[in-house]
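Below, each chain spelled out in residue letters.
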Amino acid sequence: MILTSILVKGGTVITMDPRRRVIRDAAVLVKDGLITQVGKSADIKSQNRAEFEVDASGRAVLPGFVDTHVHLAQALIRGCADDTSLIDWLQKFVWPLQGNFDAQDGKASAELCMLEMIKSGTTTFLESLLHTRYGLDGIAESVERCGMRGILSKTVMSLPGYGSEKSIMHPGMVEDGETCLREVESHFKRWNDRADDRIRVWYGARSLGGCTPQLYKQIAEGAKRLGTGITMHLGEVQEDVRYAMKEFGKTPVEFMDQVGLVGSNVVFAHGVWLGEKEWPILALKGATVAHCPSSNMKLASGITSVPEMLRAGVNVGLGCDGGPSNNCYDMVREMKTASLLHKVRTLDPLTMNAETVLEMATIKGARAVGLDG
Ligand SMILES: [Zn+2]
């Protein structure tokens, strides 16, 4: 049964609107899939009848969370690699497992991941790297059925390495650049704006050492032509900085800017090792950093300078990353981790207060994926 009107009443509504209104004993009226009224329960109830009512007494009613960095295909392999650092984690555990996935594994993993996201309040996610073998069509069908908004980024790569570590990728994960570019376009034509406008198709550029500079330029040009977005892991580990300086004589963000891949349609995951000279470039171009504190702590990658980036005007969202780098896809836990991590680093209890992390999990995340309207 499809309901055309739902009334959520009696809860405390945390609006995240421009005035940051918090309304007690409030109601939210949803009609034909859109929120049409927010206000005091008594006012809205007296004016409207809804087909279905939800009693939210004693509860908080929040906007849906936007997870800005997710790997759908990793839900099946959570817990496969604990107590190890990123490149070993990829080479010895994650890539060999994912390199044997087929489209049924991809779909099952995506559904498990989406179920966990729905249960913990996430309504929108940015999937960062869908390899061809996971079967984007099957995953998109699952997004269509489950009711979430999904931004599905198809992997684009041409080199089987990470930074200066060449040819370390499992053969089952290796794809070629021209085929990747063609597949992004065909997935875009088939799925972008589908499922009542809930699906988007983006470019998922592999991290430094996974693409040639020419391929990064082609990705930037392709995204411009299609009017779509790009996401990429950047500055997750120190190797990204070493590699960019050695190969290109530039910092990671300077290099990405040179190849045209810094803009308001771009989400860089992690950004742990991006320095203070790089933040103004991100702020000026309107690019987002997806902060993934649990993953960065678990893989001992480092601590992203989030309060400093926010002060520099960078849009920063939150991400749970993947099953084996976090062991869950729960944005509430991620908000807690983000808040605590930066307090203890800066020795300042006012850093990353509740409102700031809630903004990152909601409106800043929505801005990251172009849905803040
Ligand atoms: Zn990731």
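Relevant structure appears above.
Criteria and cut-off values
- Residues numbered from 1 in each chain as written.
- Predicted model: local features only at pLDDT ≥ 70, side-chain atom pairs only at ≥ 80, totals over all residues.
- Heavy atoms only, no water.
- Pairing = 2+ DSSP bridges.
- Helix = DSSP H or I, 4+ residues; strand = E, 2+ residues; numbered from the N terminus.
- 1 Å grid on protein atoms, 1.4 Å probe; cavity = no way out; pocket = protein on both sides within 12 Å on 5 of 7 lines; lining within 4 Å.
- Points joined across faces, edges and corners; volume = space filled by probe spheres on them.
- Nonpolar A, V, L, I, M, F, W, Y, C, P; charged D, E, K, R; others polar.
- Phe/Tyr/Trp six-rings, centres within 6.5 Å; stacked < 30°, edge-to-face > 60°.
- Buried < 20%, exposed > 50% of the residue type's maximum accessible area, 1.4 Å probe, protein only.
- Lys NZ or Arg CZ within 6 Å of the ring centre and 35° of its normal.
- Axes fitted to C-alpha atoms, helices over the stretch in contact; angles between N-to-C directions.
- Parallel < 35°, antiparallel > 145°, perpendicular 65-115°, else oblique.
- Left-handed = near helix turned anticlockwise from the far one by under 90°.
- Contact = heavy atoms within 4.5 Å.
- Donors = N, O, S within 2.8 Å, 3.2 Å for Na, K, Ca; no water.
- Tetrahedral: all angles 85-135°; square planar, octahedral: opposite > 155°, others 65-115°.

Glancing now at the pairing of strand 2 (residues 22-31). Within a regular beta strand, the side chains point alternately toward one face of the sheet and then the other, so they alternate between its two faces. Relative to strand 2, strand 1 (residues 5-14) is paired through eight bridges, and the arrangement is antiparallel. Bridge pairing in strand 2 places L7 opposite L29. Sheet topology note: the strand 2/strand 3 (residues 34-40) ladder contains six bridges and is antiparallel. Note on strand 3: the bridge partner recorded for K31 is L34. Here strand 2 hands over to strand 3 after two residues, with D32 in that stretch at a positive phi of 50°.

Looking now at the layout of surface pockets. Of the volumes computed, that of the largest pocket is approximately 2000 Å³. Forming the walls of the largest pocket are 44 residues, and the residues nearest its centre are G33, I35, G64, T123 and R149. Secondary structure elements with two or more residues in the lining of the largest pocket: strand 1, strand 2, strand 3, strand 5 (60-61), strand 6 (65-71), strand 7 (122-130), helix 6 (194-197) and helix 16 (363-368). Considering every element that reaches the lining of the largest pocket, the biggest residue donor is strand 1, with five residues. The residue inventory of the lining of the largest pocket, partitioned by class, reads 25 nonpolar, twelve polar and seven charged. Taken as a whole, the second largest pocket holds about 150 Å³ of empty space. Taken together, 13 residues form the lining of the second largest pocket, with W202, G227, T228, G229 and V369 sitting closest to its centre. A per-class count over the lining of the second largest pocket returns four nonpolar, seven polar and two charged.

To continue, consider the packing of aromatic side chains. Throughout the structure, instances matching the rule amount to four aromatic pairs. An angle of 65° between the planes, with centres 5.8 Å apart, marks the rings of F101 and Y134 as edge-to-face. With F101 in the loop between helix 2 (86-98) and helix 3 (103-119) and Y134 in the loop between strand 7 and helix 4 (136-146), this residue pair connects regions lying 33 residues apart in the sequence. Comparing F101 with Y134, the two get one shared label, buried. Summarising the aromatic geometry, the rings of F248 and F255 are spaced 3.8 Å apart at their centres and angled 5° between planes, so their arrangement reads as stacked. A network of ring pairs unites the aromatic residues Y216, Y243, F248 and F255 as a single cluster. The ring centre of W191 lies 4.8 Å from the NZ or CZ of R194, which sits over that ring.

Packing of helix 14 (residues 331-346) against helix 15 (residues 354-361) brings their axes to within 10 Å, and their N-to-C directions diverge by 135°. Classified by the angle their axes make, helix 14 and helix 15 are oblique. In the packing of helix 14 onto helix 15, the handedness of the crossing is right-handed. Packed against helix 14, whose contacting residues are M331, M335, A338 and S339, the element helix 15 presents V357, L358 and A361 at the interface. Looking at the contact of helix 14 with helix 15 residue by residue, the classes come out as six nonpolar, one polar and no charged.

Okay, the coordination of the zinc ion next. Only H69 (NE2), H71 (NE2), H233 (NE2) and D321 (OD) from the protein reach the zinc ion as donors, at distances of 2.1 to 2.4 Å. Each of the four donor atoms around the zinc ion contributes to a set of angles spanning 87 to 174°, which defines the coordination as irregular. A relative accessible area of 9% places H233 in the buried class.

Each α-helix winds once per 3.6 residues, and so residues spaced three or four apart point in a common direction. Along helix 4, the residues that are buried comprise L136, G138, I139, A140, S142 and V143. At its buried positions, helix 4 is contacted by helix 3, strand 7, strand 8 (149-156), helix 5 (177-191) and strand 9 (199-205). Once helix 4 ends, the next one or two residues include G147, with phi positive near 90°.

Looking now at empty space enclosed by the protein. Inspection of the entire model under this criterion finds one cavity of 30 Å³ or more. Of the volumes computed, that of the largest cavity is approximately 200 Å³. H71, L90, L129, R206 and H233 are, among the 21 residues lining the largest cavity, the residues nearest its centre. Ranked by residue count, the leading element in the lining of the largest cavity is helix 2, at five residues. Each residue belonging to the lining of the largest cavity can be placed in one class, and the counts come to nine nonpolar, nine polar and three charged.

You can see V289 is positioned in strand 12 (residues 288-291). If we skip the residues at most four places from it in the chain, V289 touches F268, H270, G271, L282, M309, V314, N315, V316 and G317.

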